[in-house]
Amino acid sequence: TGPQLPGSPIQEVTIKASTDAQKLLLQVQALDSALLQLAHRRRTLPEHGELQRLAVEAEELDDALVAAQTAVSDLEADQERAEADLEPVRQRLARNQQRIADGTVTDPKALNSMIEEVEHLKKRISDLEDAELEVMEALEDAIATRNRRQAESAELTERKQAVTARRDDQLAAIESDATARRQDREALAPQLPAELLALYTKIATGHGGVGAAELVQRRCTGCRLEVNAADLRTFAAAAVDEVQRCEECGRILVRTEQSGI
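In this report, the structure presented in the accompanying data block is examined. Keep in mind that this is a model prediction, so the values were computed, not measured.

Details of the sheet that holds strand β3 (residues 244-245)
Here is step 1 of the chain: Taken in spatial order, the 4 strands line up as β2-β1-β4-β3 in an open sheet, and their pairing is mixed. Strands at the two margins of the open sheet, each flanked by one partner only, are β2 (219-220) and β3.
Here is step 2 of the chain: Pairing of β3 with strand β4 (residues 252-255) involves 2 bridges; the strand directions are antiparallel. Bridge pairing in β4 links Arg 245 to Ile 252.
Here is step 3 of the chain: Here helix α1 (residues 19-43) sits on the sheet in contact with β1 (212-216) and β4, set at roughly 120 degrees to β4.

Below you can see the structure in the form of structure tokens.
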């Protein structure tokens, strides 16, 4: 017999099962516990967290790369505009210098005015060239930054691929192990008495997947608590095929040669 579980509708019932069936139940429990551990490993692989961190890093790097490329594009446009501003001024300077050199302008006043304009154009060209040089230097820095971001992005992609491959290898190994254990369980579970299996399943559902435990050296391996003397006497006096329950945790308690009773 066994106690009614706290908060559970399970009633006091007496279930009979051979010692072999009860020991087989421990094997099923061991497989279920192993499957729970594998599921926990699957959820908590460090690669999951690493990939999440890499995803955040990749998003930030993508933003930085877009900003770097935008800066390059803007500066390239600025350089084109600077060159476009320079070209007509250079052409006008060349025409004026040619007219002065070939004597086309004969009027002294007009010639003097053209000479003054040449000096003004030279100053204007110098100012525009200085501005263009600043743009070119800024563009060179922007290109270097963009190239660095691109290299960082490529390196991050390689890291993500390596971590993903490592995660997938581990997941495949876990799934292979889990598949083997599920197959073993599927082979064992039908050999259990239906009533015993139903009780085990109901208890396991409310107890973290552990519905059966072994009594080892007078201690329940489910709750890890030592069984008191009165309960030990009850277990010792019970028929070997009478299914027992831990008075503390309510799990099915299987007596074996290791029980100490």
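That covers the picture; the talk isn't over yet.
Side note on helix α4 (residues 194-206)
Here is step 1 of the chain: A rise of 1.5 Å per residue sets the reference length of α4, with its 13 residues, at 18 Å; its end C-alpha atoms lie 19 Å apart and thus fit the reference within 8%.
Here is step 2 of the chain: If you check which residues of α4 are buried, you get Leu 196, Leu 199, Tyr 200, Ile 203 and Ala 204. Each buried residue of α4 lies within a common arc of 130 degrees when the element is viewed along its axis, so the set occupies one face. With respect to the buried face of α4, the exposed residues turned more than 90 degrees away are Ala 194, Thr 205 and Gly 206.
Here is step 3 of the chain: Gly 208 lies just past α4 and shows a positive phi near 65 degrees.

Quick word on the pattern of salt bridges
If the charged atoms of two oppositely charged side chains come close together, the side chains can form a pair.
Here is step 1 of the chain: If you walk through the whole model with that rule in mind, you get 19 salt bridges.
Here is step 2 of the chain: For Glu 129, the salt bridge is made with Arg 90, and the minimal N-O distance between the two is 3.1 Å. Here Glu 129, found in helix α3 (residues 108-188), pairs with Arg 90, found in helix α2 (residues 46-102); they are 39 residues apart in sequence, far enough to count as distant.
Here is step 3 of the chain: Salt-bridge contacts for Glu 155 lead to Arg 159; the nearest nitrogen and oxygen are separated by 3.6 Å. With Glu 155 and Arg 159 both in helix α3 and 4 residues apart, the pair spans about one turn of that helix.

Calculation criteria
Residues numbered from 1 in each chain as written. Predicted model: local features only at pLDDT ≥ 70, side-chain atom pairs only at ≥ 80, totals over all residues. Heavy atoms only, no water. Pairing = 2+ DSSP bridges. Helix = DSSP H or I, 4+ residues; strand = E, 2+ residues; numbered from the N terminus. Contact = heavy atoms within 4.5 Å. Axes fitted to C-alpha atoms, helices over the stretch in contact; angles between N-to-C directions. Expected span 1.5 Å × (residues − 1). Buried < 20%, exposed > 50% of the residue type's maximum accessible area, 1.4 Å probe, protein only. Arc of directions from axis to C-beta. Salt bridge = Lys/Arg side-chain N within 4 Å of Asp/Glu carboxyl O.

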